[in-house]
Amino acid sequence: MNSPTTYRRLPGRGLSWAGFARLWLAEDHLLEANSLLISERYRRFFFKDVTALVIQRTKVRFAWNIVHGILGGGGALLAGALWWGGASASEDELRVTLWVLAGIVGAGAAVFLILLFLNILLGPTCVCHLQTSTAGWHALAAPTRLRPAQLLLARLIPLIEAVQAAGRSPDIESTKDTNEEQPVGL
Amino acid sequence: MTVSAASAPTSFACPACGRALAPESLGRENETACPGCRVLLNGGFLPAFWSPEKASSTMADHAFDGDAVCFFHPENRATLSCDRCGRFVCTVCDMPLGTRHLCPTCLSSGLGAEKLPELVVRRFHWSNATFLAGLVPLVIGLVCWPFFIITGPLTIFCGLFGWKRPGSLPRGRRRWLAVLGLVLGFIQLGIWIAALLAITHAAAWRDAF
């Protein structure tokens, strides 16, 4: 009874200003762990209380694509212009300066283009909502991508259905016999 | 515990805009657009949605002769036993915690001392703190070295103080990170001592060579 709960990692993760979020699966509940370097905050959702799981598609990926595209594309154009300016410069000192600047701006642009590529590769973004019988909708901090969210849905719904179908017998007669074997105290 | 089924709900609120939607419109595979906010939704409802349970009654049944009675209220009939200590409790004293049912004593004893993992809402990661306290000053390096006399012992203190403290709830203690942090803390102290020796003996070494 007092043995520590074992958690299994669920697909997907989330990153926000509040920290790095992950979902963990326990025997009777879902744990949302939000960690920020040296501390971790937890939220628990017990399966018996969950009434619905909904995935809401968001436009976060689209917004980041625009940001990364503008910075990456603009940076690449600027780097090209600087390189061209350096190549056509008459003085050696100016040429080297412009080429160094082109290299720095080009490296920055490459970082943003890689981020753009990764963002496209990771797929559409979403928010997972979980409804409980007592407190309404809760937005989960993870997963934030559609593919792991659908995997999560496919994995969680049968588990929760099984727990809710099994229920828990509140009859004292059924617990009498087992109580004798349980350790008493903390 | 008296439980009676209530009528099944005929609508649910869109999680984005709160507009009432028909539960049948939500599919697990196909996405549906909310008519209110136009966001695409998909998901599923669980048995608890279709057959909601009413909250357990706060009125306890009076005990008759031969009935098991509540440990805390001898006049009340016991309906459950505490999953931790085994005491019989009535519906008033039943403290449901997930699938477990505890008595008020076990619940209150588990609140402060983190004895009930279900009640932990925050954990401090001593191993991460040790590692960061060991690494960050070394990364800053040359600018930071006079402070190694503070950050080094601080790192070692964090590592030793948090050695037996509980770690992350799902991941457990990450002692390898604490060990790494301790090593970095000792390196900081070593660098500080070496730098101090180098400064104090610089003149003597210059003369010698």
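Since this is a predicted model, take the numbers as computed values, not measurements.

**A short note on the overall build of chain A**
A tally of regular secondary structure across chain A gives 4 helices and 7 strands. Reading the secondary structure of chain A in the N-to-C direction produces β-β-β-β-β-α-α-β-β-α-α. Scored against the burial criterion, the 186 residues of chain A give a buried share of 40%. Summarising the internal contacts of chain A: among those between residues at least 6 apart in sequence, 53% fall at separations of at least 24. By element, 66% of the accessible surface of chain A is carried by carbon and sulfur atoms, the whole surface being about 10,400 Å².

**Looking at the packing of aromatic side chains**
Under the defined criterion, the tally for this structure stands at 10 aromatic pairs over all chains. With centroids separated by 5.1 Å and ring planes inclined at 80°, the aromatic side chains of B:Phe71 and B:Phe72 adopt a geometry described as edge-to-face. Taking relative accessible area as the criterion, B:Phe72 reaches 29% and is therefore assigned partly exposed. The structure contains a cluster of three or more aromatic residues connected by ring pairs, namely A:Trp137, B:Phe12, B:Phe45, B:Phe49 and B:Trp50. The side chain of B:Arg87 reaches across the aromatic face of B:Phe71, ending 4.3 Å from its centre.

**Some points on the sheet that holds strand E1 (residues 8-16) of chain A**
Pairing within the open sheet is antiparallel, and its 5 strands lie in the order E1(A)-E2(A)-E3(A)-E4(A)-E9(B). With partners counted over all chains shown, the strands left at the sheet margins are E1 of chain A together with strand E9 (122-124) of chain B, one partner each. Neighbouring strand axes in the sheet, compared pairwise and without regard to direction, differ in orientation by 20° on average. In this structure, strand E4 (residues 39-46) of chain A lies alongside E9(B), joined through 3 bridges in antiparallel fashion. By the bridge assignment, A:Glu40 is partnered in E9(B) with B:Arg123. Sitting on the sheet, helix H3 (residues 146-166) of chain A touches E1, strand E2 (19-25) and strand E3 (29-36) of chain A, and the angle it makes with E1(A) is about 140°.

**Re a nonpolar patch on the surface**
All names here are of chain A. Taken together, the side chains of Val111, Ile114, Leu115, Phe117, Leu118 and Leu121 present a nonpolar region at the surface, about 570 Å² in accessible area. When you line up the elements, Leu121 lands in helix H2 (residues 92-122). What makes Leu121 exposed here is its relative accessible area of 53%.

**Considerations on unusual backbone geometry**
Here the amide bond leading from A:Ala142 into A:Pro143 is cis, since omega sits at -5°, within 30 degrees of zero. In this model, A:Leu37 sits at a positive phi of 55°, which is unusual for a non-glycine residue. Its location among the elements puts A:Leu37 in the loop between E3 and E4. Of note, the phi angle at B:Arg38 is positive, near 70°, even though the residue is not glycine. For B:Arg38, the position within the fold is in the loop between strand E3 (32-33) and strand E4 (40-45).

**A short note on the confidence of the model for chain A**
Residue-level pLDDT values for chain A average 86, and 87% of them are 70 or greater. Ignoring residues within four places in sequence, the model shows residues 168-186 of chain A, a span with pLDDT below 50, making 31 contacts including any to other chains.

**A short note on the side chain of B:Ser168**
If you trace the backbone, B:Ser168 turns up in the loop between helix H4 (148-161) and helix H5 (175-200). Classification of B:Ser168 by relative accessible area gives buried; the value is 6%. A polar contact is formed between the side chain of B:Ser168 and the side chain of A:Glu40, at a distance of 2.7 Å. There is a polar contact of 3.4 Å between the side chain of B:Ser168 and the backbone nitrogen of B:Arg171. Once residues within four sequence positions are removed from consideration, B:Ser168 is found in contact with A:Glu40, A:Tyr42, B:Arg123 and B:His125.

**Concerning the pattern of salt bridges**
Scanning all chains against the criterion turns up 5 salt bridges over all chains. Between B:Glu31 and A:Arg57 there is a salt bridge, with the nearest N and O atoms lying 3.0 Å from each other. With B:Glu31 in the loop between strand E2 (20-21) and E3 and A:Arg57 in strand E5 (residues 50-57), the pair connects residues from two separate chains. A relative accessible area of 27% means that B:Glu31 is categorised as partly exposed. Residue classification places A:Arg57 among the partly exposed positions, given a relative accessible area of 29%. One salt bridge connects A:Asp92 with A:Arg95, and the closest N-O pair in it is separated by 2.8 Å.

Analysis parameters
Residues numbered from 1 in each chain as written. Chains lettered and ligands numbered in written order. Predicted model: local features only at pLDDT ≥ 70, side-chain atom pairs only at ≥ 80, totals over all residues. Heavy atoms only, no water. Helix = DSSP H or I, 4+ residues; strand = E, 2+ residues; numbered from the N terminus. Buried < 20%, exposed > 50% of the residue type's maximum accessible area, 1.4 Å probe, protein only. Contact = heavy atoms within 4.5 Å. Areas by Shrake-Rupley, 256 points an atom, 1.4 Å probe, with all protein chains shown as cover. Phe/Tyr/Trp six-rings, centres within 6.5 Å; stacked < 30°, edge-to-face > 60°. Lys NZ or Arg CZ within 6 Å of the ring centre and 35° of its normal. Pairing = 2+ DSSP bridges. Axes fitted to C-alpha atoms, helices over the stretch in contact; angles between N-to-C directions. Patch = residues over 30% accessible without salt bridge, like charges linked within 9 Å, V, L, I, M, F, W, Y side chains within 5 Å. Salt bridge = Lys/Arg side-chain N within 4 Å of Asp/Glu carboxyl O. pLDDT = per-residue confidence, 0-100. Polar contact = N/O pair within 3.5 Å; in protein donor to acceptor, adjacent residues only side chain to side chain.

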